[in-house]
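Reading the structure
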Amino acid sequence: MFKLNPSALVLSLSAAALLSACGGGGGGSAAAPSLSGVAAVGAPIVGGDVDAKCSDGNTYNANPTSTTGAWSIATVPAAAFPCVVQIRNGDPASVLNSYAAGPGVVNITPFTDLLLAMAARGNPSDYFSNVSESNKAELTSEMNAAIAKLKTALVTGGYLATGDSFDPINARFTAAKGDFYDDLLEAFKKGLNNDSGKIYDDILASVIANPDADLVFPDAPPKETGGGTTTPGSDTVAGTVHSSLVKTYNLNFKKGGGTGCGSDCSFTEGQEIIAIVGADNSLTVNSKRLSNPFNRTLSAGGTPHLPEIIWLDGNIEYALSDNKRGIFNEINIGKSKSGGGTPGFIGQLKAAEVKDDPVAKLKPFAGSYVPKFVLKSNYNLPSQTVSNPPVNADIKVSISTSGIIKVDEDAASGPLVFDPAASSYDFKIEPENEGKLMRYIASYMLEDSSKLSIYISFAENNIVAWRIEQAKGSGRNSSLLAESYTDKQKVLIDSLINADIASIDGIKLTAISDDESSDKRFKKCDKLALDLFDENRNAQKFYKLLGYDSDKQTYSKFLNSGVFDRQFLDFDNFSDPTEFSVAFAKIGQRKGTGFIDFTKLDSITRSGLGRATNDPTDILNAGCGGPT
């Protein structure tokens, strides 16, 4: 007989078992059972007897399976694994087997029974009967090969897509319609029946008779839509998942500023959720598979909002971002509205937050700094919160070796102090990506329930900018991105990036692509010019984008305007080129060549909607002749 080897844990099984042991429903401090799972043939097996025969020679018993097919065994010693698990009797009457490489979730289904038959090269029930302390089977490469072989047969038969995650033993699932694994079992049963009334026992008998033969299943029946209603509203277009997002995510549900599930869904605060983004554009949330993703348009006839890709499950929407860049931020859960539009916010599925040590992170930057003050906001912060120095005044900022940040130390009312020891203090790091500089963010709550934050931006491990923000109201507003609003704000910015933008005044440009925003201000090959002007009240510099009037032979057509918005520090590359973020555009000057690029931005997504330049090569390549 083959022998079970406790150290020979199959990667695809043991890794999933470890994740499952860490997962589960939200709340509660009771210890999880050593083994638990679901026994099902599509329908749950109710009242079945489950036993685990283990490598220590003992047999461990579970209570009869519940009405959902659930079973559990409270205590199986770690040294007892691996084990073979069997269900007998129950309704529908079944004898099926499974394999437990370690503690955690172990399901019992026709798929797990078939895996054991292939791995043991024989009848899985005989294999169960012969497991003992002196007869421990080795199922290392055999189990891996069996899983791969079974998935290949299911993909070939049309039951699975190539990119689908397939872990029939350790994945948590519910024996109910709409669940990914339950629907797969039902489709498998129907596919067999469509082939001259075959049943699972026919497939099992063929494997037992010839375990080396290719595994071939009858064609799958036509697929039913998994995951409830998947018909989006008229304000949507079909979406495609970014390939970089195709993977499995371990997430937590957070209500945040949302309403929570109530009667609309079953997530609880802090609940651990497994979400799988498939290469076939599917999203599987806790084994429930959704398809037909879409992007929502922001206005009638407008462009789709590409950062969020959305799946619909009945009236519940799962909106994953950032699908445009292929970077996972979170999955927003909302309740859709009849007639379309922005859904009501319920909560988010987010990766568990790992807290950084502010003292350790800030200590290497201990010292004194003197950035210049730039007023960005039209609002004034109350004098008791922060002083109002004149524009371009030097501001004293310090960081101590204990991580304490003091801002505006000469203020009559005293400095702003961000102290890690404060009860409401919070600290997080935003990593550098897609042109965004890395930022440290320290914050604390004020007596009026607003939050005061300092953003410290870095380039090449040097502090290059500071920003102070006071935000009142952490709830979500009515915009699609649902960002918390900021009603009072000031900006501190280091002189390192306070570049001379006057050099671009009067620059002539040629549009090398259409403006695809809703106002469509310019078309490819249009002649354009930039005009800069000052707004004295806040010492801010504004721009105007002007079009060429062929009748007057002057650049006098007003197309667009905006203020240079330094607070976002929105650089595609910190040193090459230097780019300034403005309200609805980015204006950049390339290092070395000095060529100017103007990019029209979507006001919400800040994605590029049209570009102009004075680079003669780019203009020629766009088919627009020579430079303006």
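Everything here concerns the structure above.
Now for a look at the structure at hand. Note that this is a predicted model, so its numbers are computed, not measured.

1. A word on the overall build of the chain
- For the chain, the helix and strand inventory stands at 8 helices and 35 strands.
- Counting contacts in the chain only where the partners sit at least 6 residues apart, residues at least 24 apart contribute 54% of the total.
- Counting only carbon and sulfur atoms, one obtains 49% of the accessible surface of the chain, whose full area is about 28,500 Å².

2. A closer look at the pairing of strand S1 (residues 35-38)
- Side chains of S1 alternate between two faces, with Leu35 and Gly37 and Ser36 and Val38 buried alike.
- Relative to strand S4 (residues 70-73), S1 is paired through 4 bridges, and the arrangement is antiparallel. Bridge pairing links Gly37 to Trp71 in S4.
- Across 2 bridges, S1 lies against strand S7 (residues 104-105) in parallel orientation. Within the sheet, the bridge partner assigned to Leu35 lies in S7 and is Gly104.

3. A look at the side chain of Thr109
- If you trace the backbone, Thr109 turns up in the loop between S7 and helix H2 (110-120).
- Residues contacting Thr109, with those up to four places away along its chain left out, are Ala40, Leu96, Asn97, Phe173 and Leu185.

4. Focus: the environment of Arg611
- Structurally, Arg611 is set in strand S35 (residues 608-613).
- With a relative accessible area of 26%, Arg611 lands in the partly exposed category.
- Residues Arg611 and Ala511, spaced 100 residues apart in sequence, show a C-alpha to C-alpha distance of 5.8 Å.
- Polar contacts involving the side chain of Arg611 include one to the side chain of Asp597, which spans 3.0 Å.

5. Thoughts on the nonpolar core
- Of all hydrophobic cores here, the largest spans 52 residues; its most connected members are Leu35, Trp71, Val76, Leu114, Leu150, Leu154 and Phe217.
- For Phe217, the contacting residues outside a window of four places in its chain are Leu114, Leu150, Ala153, Leu154, Tyr159, Phe188 and Ile203.
- Membership of the second largest hydrophobic core comes to 24 residues, among which are Leu245, Val277, Trp311 and Phe328.

6. Brief notes about the state of the cysteines
- Applying the stated criterion across every chain, the model contains 3 disulfides.
- Two residues, Cys54 and Cys83, share a disulfide whose sulfurs are 2.0 Å apart. A torsion of 105° about the S-S bond marks the disulfide between Cys54 and Cys83 as right-handed. Of this pair, Cys54 sits in strand S2 (residues 49-54) while Cys83 sits in strand S5 (residues 83-88), and the two are 29 residues apart along the sequence. A single burial state applies to Cys54 and to Cys83, both of which are buried.
- One disulfide bridge connects Cys261 with Cys265, the sulfur atoms lying 1.8 Å from each other. The sign of the S-S torsion, about -100°, decides the handedness of the disulfide formed by Cys261 and Cys265: left-handed.
- By relative accessible area, which is 6% here, Cys261 ends up buried.
- Should the bonded cysteines of the chain be numbered as they appear in the sequence, the pairing reads 1-2, 3-4, 5-6.

7. Section: the sheet that holds strand S22 (residues 416-418)
- Strands sit in the order S18-S20-S21-S22 across an open sheet of 4 strands; the sheet is antiparallel. The open sheet has two edge strands, strand S18 (367-369) and S22, and neither has a second partner. Pairwise comparison of adjacent strand axes, ignoring direction, gives a mean angle of 15° for this sheet.
- Pairing between strand S20 (residues 397-399) and strand S21 (residues 405-407): 3 bridges, direction antiparallel. Residue Val397 lies in a different strand from S21, and its bridge partner there is Val407.

8. Quick notes on the environment of Ala39
- Counting through the fold element by element, Ala39 comes out in the loop between S1 and S2.
- Once the C-alpha coordinates of Ala39 and Ile87 are considered, the two residues, 48 residues apart in sequence, prove to be 7.6 Å apart.
- Setting aside anything within four residues of it in sequence, one finds Ala39 in contact with Pro44, Ile45, Thr65, Gly69, Trp71, Ile87 and Ile108.

9. Comments concerning the pattern of salt bridges
- In total, this model carries 12 salt bridges according to the counting rule given.
- The closest approach of N and O atoms between Asp195 and Lys198, which form a salt bridge, is 3.1 Å.
- You can call Asp195 partly exposed: its relative accessible area is 26%.
- A residue is classified by how much of its surface remains accessible, and Lys198, at 34% relative accessible area, is partly exposed.

10. Observations concerning H2
- Most of H2 is tucked away, with 11 of its 11 residues classed as buried.
- Among all positions of H2, only Pro110, Phe111, Thr112, Asp113, Leu114, Leu115, Leu116, Ala117, Met118, Ala119 and Ala120 are buried.
- Capping the start of H2 is the job of one residue whose side-chain oxygen sits 3.2 Å from the backbone nitrogen of Phe111: Thr109.
- Once H2 ends, the next one or two residues include Arg121, with phi positive near 55°.

11. Some points on the packing of aromatic side chains
- The final tally for this structure, using the stated rule, is 16 aromatic pairs.
- Aromatic side chains Phe188 and Phe217 sit 4.9 Å apart centroid to centroid with 70° between the ring planes, which places their arrangement in the edge-to-face category. Here Phe217 lies in the loop between helix H6 (200-209) and strand S8 (236-238) and Phe188 lies in helix H5 (residues 180-194), a separation of 29 residues in the sequence. Phe217 matches Phe188 in its accessibility class, with the two residues each being buried.
- Arranged with centres 6.3 Å apart and planes meeting at 80°, the rings of Phe365 and Tyr440 form a pair that is edge-to-face. With a gap of 75 residues between them, Phe365 in the loop between helix H7 (358-362) and S18 and Tyr440 in strand S24 (residues 438-445) connect regions that are remote in the sequence. Note on accessibility: Phe365 and Tyr440 belong to one class, buried.
- Chaining the aromatic ring pairs together yields one cluster made of Phe111, Tyr159, Phe166, Phe188 and Phe217.

Thresholds applied
Chains are numbered independently. Their residues run from 1 in the order of the written sequence. Totals for whole chains, interfaces and linings use all residues, but because this is a predicted model, local features are given only for residues with pLDDT of at least 70 and pairs of side-chain atoms are given and counted only at 80 or more. Excluded from the side-chain calculations are hydrogens and water; all other atoms, namely the structure's heavy atoms, are used. Labels follow the DSSP assignment, with helices taken as runs of H or I lasting at least four residues and strands as runs of E lasting at least two, numbered in each case from the N terminus. Residue contacts follow a heavy-atom distance rule, with two residues in contact if any of their heavy atoms lie within 4.5 Å. For the area figures, the Shrake-Rupley method with a 1.4 Å probe applies, and any residue is considered shielded solely by the protein chains shown. For each residue, the accessible area found with a 1.4 Å probe, counting protein chains only, is set against the maximum for its type, and the residue is called buried under 20%, exposed over 50%, and partly exposed in between. In this scheme, strands are said to pair when DSSP sees at least two bridges between them. Pairing of N or O atoms within 3.5 Å defines a polar contact, subject to two protein rules: one partner must be a possible hydrogen donor and the other a possible acceptor, and residues neighboring in sequence count only if both atoms are side-chain atoms. Working definition of a nonpolar core: buried Ala, Val, Leu, Ile, Met, Phe, Trp, Tyr and Cys residues. They are joined through side-chain atoms within 4.5 Å. Throughout, a disulfide means two cysteine sulfur atoms within 2.5 Å of one another. With axes taken as lines fitted to C-alpha atoms, and helix axes fitted only over the stretch in contact, angles between N-to-C directions fall between 0 and 180 degrees. When a carboxyl oxygen of Asp or Glu lies within 4 Å of a side-chain nitrogen of Lys or Arg, that pair is called a salt bridge. Each Phe, Tyr or Trp ring (for Trp, its six-membered ring) is paired with any other whose centre lies within 6.5 Å, and the angle between the two planes then decides the class: stacked below 30 degrees, edge-to-face above 60, tilted in between.

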